Amino acid sequence: MAKMMDPKFKQSRRLGLNVCGHPKAMKRATRGTARSDKKLTEYGKQLLEKQRLRAYYGVLEKQFVNLFKEAQRTQGQTGPNLINFLERRLDNLCYRMGFASSIRQARQMVSHGHVTVNGKKVNIPSYRCEPSDVIALSAKGRKVDLFKENYNTNIVVNYPYISKDEDFKATLVSSPDREEIPIEIEDQLIVEFYSKNM
């Protein structure tokens, strides 16, 4: 636990987010914390929701704004489009598939070249996967006991848009629907925030 007490830990706790990235703990700050005791303005609620989503996926503001603009241009509702794009990031899918125990660990394993997509090494955590993409541990990644243990003892729930294989492989079966993505965020507040501040 001592390892986790870094600025990210404190930021997540302040925003009412789960520190390890487990979806069940993705809940609002409970009564008794300084933030929830204060009455937030409408702008404050929108800002907090945007910060919570950014902190959950661990993306920078510039990346987040670019994704929001792309979500606006894409057919459909902006909020669900934004969350869909974030959910299909390679680092997030590695976490969801059980290769890593947190999104931060998943980002590091992707950056270090331990993951392949459709048989090709990809070392860009923000790479957006498409339905039918097969994500697997590379030959180098299969030598790391931690990744193998994560995959075999994965306690994270199964997701309808992910199909796991025995051979350290998983497939993104379909593009996830908003209802299937296990995060408690009011995406409409984020849309309102950026529509006023861009």
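Computed from a predicted structure; not experimentally measured.

## Digging into the side chain of His114
The residue His114 is located in the loop between helix H7 (103–111) and strand S1 (115–117) in this model. Residues within four places of His114 in sequence aside, it is in contact with Met109, Ala136, Leu137, Ser138, Lys140, Gly141, Val144 and Phe147.

## Examining the pairing of strand S5 (residues 169–172)
Side chains Ala170 and Leu172 project from S5 onto a buried face, and the interleaved Lys169 and Thr171 project onto a face without burial. Relative to S5, strand S3 (residues 134–137) is paired through three bridges, and the arrangement is antiparallel. By the bridge assignment for S5, Val134 is matched with Thr171. Bridge count between strand S4 (residues 162–164) and S5: three bridges; the pairing is antiparallel. Its bridge partner lying in S5, Ser163 is registered against Thr171. Count of turn residues in the S4/S5 antiparallel hairpin: four residues, of which Phe168 carries a positive phi of about 50°.

## What about the confidence of the model for the protein?
In the predicted model, the protein carries a mean pLDDT of 85, and 80% of its residues have values of at least 70. Contacts of residues 1–5 to residues separated by more than four positions or lying in other chains number five contacts, the stretch itself having pLDDT below 50. Taken as a whole, residues 28–32 scores under 50 in pLDDT and shows ten contacts with residues more than four places along the chain or in a different chain.

## Details of the sheet that holds S5
Taken together, the five strands give an open sheet; going across it, the order is S2-S1-S3-S5-S4, and neighbouring strands pair in antiparallel fashion. Either end of the sheet is taken by a strand with one partner, and the two such strands are strand S2 (120–121) and S4. Bridge count between S1 and S3: three bridges; the pairing is antiparallel. Residue pairing across strands places Val115 opposite Leu137, the latter belonging to S3.

## Topic: the nonpolar core
In this structure, Leu53, Tyr57, Leu82, Leu90 and Ile135 are the most contacted members of the largest nonpolar core, which totals 45 residues. In this structure, Leu90 is in contact with Val110, Val115, Val117, Val122, Ile124, Pro125, Tyr127, Cys129 and Ile135, ignoring residues within four places of it in sequence.

## Comments concerning the packing of aromatic side chains
For the structure shown, the criterion picks out eight aromatic pairs. Consider the rings of Tyr159 and Tyr161, whose centres lie 5.8 Å apart with planes at 35°: the pair is tilted. For Tyr159, a relative accessible area of 5% gives the class buried. Taken together, the ring pairs connect Tyr43, Phe64, Phe68, Phe193 and Tyr194 into an aromatic cluster. Here the basic side chain of Arg128 rests over the ring of Phe85, its NZ or CZ set 4.0 Å away from the ring centre. Its end group placed over the ring of Tyr151, Lys164 keeps NZ or CZ at 4.4 Å from the ring centre.

Criteria and thresholds
- Residue positions are given per chain, counted from 1 along the sequence in the order it is written.
- Thresholds applied to this predicted model are a pLDDT of at least 70 for local features of residues and 80 or more for the giving and counting of side-chain atom pairs; totals over whole chains, interfaces and linings are not thresholded and use all residues.
- Water and hydrogen atoms play no part in the side-chain values, which are based on all heavy atoms of the structure.
- In this description a helix means any DSSP run of H or I spanning at least four residues, a strand means any run of E spanning at least two, and both kinds are numbered starting from the N terminus.
- Two residues qualify as a contact provided that any one of their heavy atoms is within 4.5 Å of a heavy atom in the partner residue.
- Three exposure classes are used, based on accessible area relative to the maximum for each residue type with a 1.4 Å probe and protein chains only: buried under 20%, partly exposed in between, and exposed over 50%.
- In this analysis, strands are considered paired if DSSP registers two or more bridges between them.
- Every residue is assigned a pLDDT by the predictor, reflecting its confidence on a scale from 0 to 100.
- The criterion is simple. A nonpolar core is a set of buried Ala, Val, Leu, Ile, Met, Phe, Trp, Tyr and Cys residues joined through side-chain atoms within 4.5 Å.
- Each Phe, Tyr or Trp ring (for Trp, its six-membered ring) is paired with any other whose centre lies within 6.5 Å, and the angle between the two planes then decides the class: stacked below 30 degrees, edge-to-face above 60, tilted in between.
- As a reminder, the over-ring test applies to NZ of lysine and CZ of arginine, requiring each to be within 6 Å of the ring centre and within 35 degrees of the ring normal.

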